[in-house]
Amino acid sequence: MGSKFAMKDLGSAQQILGMRIMRDRKNKRLWLSQEKYIKKVLDRFNMKDAKPVGTPLVAHFKLSTELCPSNDKEKEEMSKIPYASAVGSLMYAMVCTRPDIAYSVGVVSRFLTNPGKQHWQAVNWILRYLKGTSHYCLCFGQDETTLEGFTDADMARDMDTRKSTTGYLYTFAGAAVSWVSRLQRIVALSTTKAEYIAATEACKEMLWMQRFLGEIGIKKDKYVLYCDSQSAIHLAKNPAFHSKTKHIDLRYHWICHVLEEKQLSFEKIHTDRNPADMLTKILPQNKHELCRGMVGLSVT
């Protein structure tokens, strides 16, 4: 490119889109950090001196539309609070380097149009969590360059629509490279169906990641997607249509074709070893810290 354009070699990248890049070439480590960005967000919303908490959300936050303002006075009070701006700031951190807040940010983002006081308290709780973990960053190079996927679902978690939550996460070289936490499009009638739908969505991402790695010259003999639901795995490998599964939309049975073609493996993993668990529900602090460590979030 230097022969075609006037360019300067400024060396290795150290900063990009609010993310700091740190390297230890001797030990083959690379870290992505948003500590400065998070501190700016905390300062912007007057949370820099807040007391830190151990998890992004706790069980007493039962958020629903019933908590939204119901009269003009309450709406006027909430209009003075920068709810959407705070959620947007959290969302950028979540998308770039913080999969540990993906579920929490997804929950509070459902009330952007008409947030209530309890919703704002939940946002402040997430900011307090980031206050205590702003120095955490994604660390790559702790493991072999292997792509691994993890999927999970939580049955009927949304209190308004009773839809289930899909969560999946992919790690490469010891840290997370892709993650999703979102409500499913339809209402699942069983835990098996919720897990099956989540696995199908995760399978699509796995195939895209395979193609991407192939384009940059990385090919592996085996790609594994892990799930903690034995019934969902059995259904994917043995797609028998009977009274308990015939209602499942045909598009979700696409995963059966992928497994038949042996494009990936679908295997069982114990819940305690599934980091996607933090993408679908509120966890106790010890379990949340365990999941956080499994996706490569650590202190430099």
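The coordinates are above.
Note that the coordinates shown come from a computational prediction; the quantities given were computed from them, not determined experimentally.

Enquirer: Is there a simple way to think about the overall build of the chain in this case?
Expert: A count of helices and strands for the chain gives 9 helices and 10 strands. Whereas a compact globule of 300 residues would reach a radius of gyration of roughly 19 Å, the chain reaches 21 Å, a difference of no more than 12%. Seen through its C-alpha atoms, the chain measures out along the principal axes to roughly 60 × 55 × 40 Å. When contacts within the chain are restricted to residue pairs at least 6 apart in sequence, those whose partners lie at least 24 apart make up 73%. If you sum the accessible surface of the chain, you get close to 16,000 Å²; carbon and sulfur atoms cover 51% of it.

Enquirer: Before we go on, may I ask you to explain the packing of aromatic side chains in this structure?
Expert: Note on aromatic pairs: each is described by the distance of the centres and the angle between the planes. With the rule as written, the count across this model stands at 6 aromatic pairs. On the basis of an interplanar angle of 55° and a centroid distance of 6.3 Å, the ring pair of Tyr-83 and Trp-120 is categorised as tilted. Placement of Tyr-83 in helix 3 (residues 83-96) and of Trp-120 in helix 5 (residues 117-133) is noted, with a sequence separation of 37 residues between them. For the pair shown, Tyr-83 and Trp-120 are each scored as buried. Their ring planes at 20° and their centres at 5.5 Å tell us that Phe-150 and Tyr-226 sit as a pair that is stacked. Residue Phe-150 is found in strand 5 (residues 147-154), and its partner Tyr-226 is found in strand 8 (residues 224-227); the two are separated by 76 residues along the sequence. With respect to burial, Phe-150 and Tyr-226 carry one shared label: buried. The ring of Trp-125 is capped by Arg-128, whose NZ or CZ atom sits 5.0 Å from the centre of that ring. In this arrangement the basic side chain of Arg-292 is found over the ring face of Tyr-136, its NZ or CZ atom lying 4.5 Å from the centre.

Enquirer: Just to check I follow, could you spell out the sheet that holds strand 8 for this structure?
Expert: Strands in a sheet are paired, the pairing made by backbone hydrogen bonds, and the direction either parallel or antiparallel. If you trace the 5 strands from one edge of the open sheet to the other, you get 7-6-5-8-9, paired in mixed fashion. At either end of the open sheet lies a strand with only one pairing partner, and these are strand 7 (175-183) and strand 9 (265-268). Strand-to-strand twist in this sheet, taken as the mean axis angle between neighbours without regard to direction, amounts to 20°. The pairing of strand 5 with strand 8 spans 4 bridges and is parallel. When the sheet's bridge partners are listed, Phe-150 is paired in strand 8 with Tyr-226. Strand contacts of helix 6 (residues 191-215): strand 5, strand 6 (165-172), strand 7, strand 8 and strand 9, with the helix running at about 160° to strand 5, the strand carrying the most contacts.

Enquirer: Any chance you could explain the packing of helix 1 (residues 35-44) against helix 3 here in plain terms?
Expert: Two numbers describe a pair of packed helices, the interaxial angle and the distance between the axes. It is at 11 Å that the axes of helix 1 and helix 3 come closest, and there the two elements cross at 170°. As summarised for this structure, helix 1 and helix 3 are arranged roughly antiparallel, according to the angle between their axes. Residue-level contacts link Tyr-37, Val-41 and Arg-44 of helix 1 to Ser-85, Ser-89, Tyr-92 and Ala-93 of helix 3. The residue inventory of the contact of helix 1 with helix 3, partitioned by class, reads 4 nonpolar, 2 polar and 1 charged.

Enquirer: Can you help me understand empty space enclosed by the protein in this one?
Expert: Where empty space is left in the structure can be found by rolling a water-sized probe over the atoms. For the structure on display, the rule yields 1 cavity of 30 Å³ or more. When its volume is computed, the largest cavity comes out at roughly 70 Å³. Lining the largest cavity are Pro-56, Leu-57, Asp-100, Tyr-103, Ser-104, Met-278, Lys-281, Ile-282, Leu-283 and His-288. Counted by class, the lining of the largest cavity contains 6 nonpolar, 2 polar and 2 charged residues.

Enquirer: Hey, could you run me through unusual backbone geometry in this one?
Expert: Most peptide bonds take the trans form, and the phi angle of most residues other than glycine is negative. Even without being glycine, Ala-156 reaches a positive phi, approximately 50°. Note on placement: Ala-156 falls in the loop between strand 5 and strand 6. Its relative accessible area of 16% is what places Ala-156 among the buried residues. A positive phi angle, near 60°, is found at Ala-173, a position not held by glycine.

What counts as what
- In this convention, every chain numbers its residues from 1, walking through the sequence in written order.
- Local features are withheld for residues below a pLDDT of 70 in this predicted model, meaning they are given only at 70 or higher, and side-chain atom pairs are given and counted only at 80 or more; totals for whole chains, interfaces and linings count all residues.
- Only heavy atoms go into the side-chain values, all of them from the structure, while hydrogens and water stay out.
- Helix numbering and strand numbering both begin at the N terminus, where a helix is a DSSP run of H or I of at least 4 residues and a strand a DSSP run of E of at least 2.
- A radius of gyration in this sense is built from C-alpha atoms; the matching globule rule multiplies 2.2 Å by the number of residues raised to 0.38.
- In this description, contact between two residues means that some pair of their heavy atoms is separated by no more than 4.5 Å.
- Using the Shrake-Rupley algorithm and a 1.4 Å probe, accessible areas are obtained, with residue cover drawn only from the displayed protein chains.
- When two rings of Phe, Tyr or Trp (its six-membered ring) have centres within 6.5 Å they constitute a pair, described as stacked for plane angles under 30 degrees, edge-to-face for angles over 60, and tilted for the intermediate range.
- Any residue under 20% of the maximum accessible area for its type is buried, any over 50% is exposed, and the rest in between are partly exposed; the area is computed with a 1.4 Å probe on protein chains only.
- Here, a charge over a ring means that NZ of Lys or CZ of Arg falls within 6 Å of the ring centre while also lying within 35 degrees of the ring normal.
- In this analysis, strands are considered paired if DSSP registers two or more bridges between them.
- Comment: axis = line fitted to C-alpha atoms, over the contacting stretch for helices; angle = value between 0 and 180 degrees taken between N-to-C directions.
- Small angles under 35 degrees read as roughly parallel and large ones over 145 as roughly antiparallel, with 65 to 115 read as roughly perpendicular and the rest as oblique.
- Under the scheme applied here, ten amino acids are nonpolar (Ala, Val, Leu, Ile, Met, Phe, Trp, Tyr, Cys and Pro), four are charged (Asp, Glu, Lys and Arg), and all others, including Gly, are polar.
- For each structure, a 1 Å grid was placed over the protein atoms alone; sets of points admitting a 1.4 Å probe that cannot get out are labelled cavities, open sets with protein on both sides within 12 Å along at least five of seven lines are labelled pockets, and lining residues have an atom within 4 Å of a point.
- Grid points are joined across faces, edges and corners, and a volume is the space filled by probe spheres set on the points.

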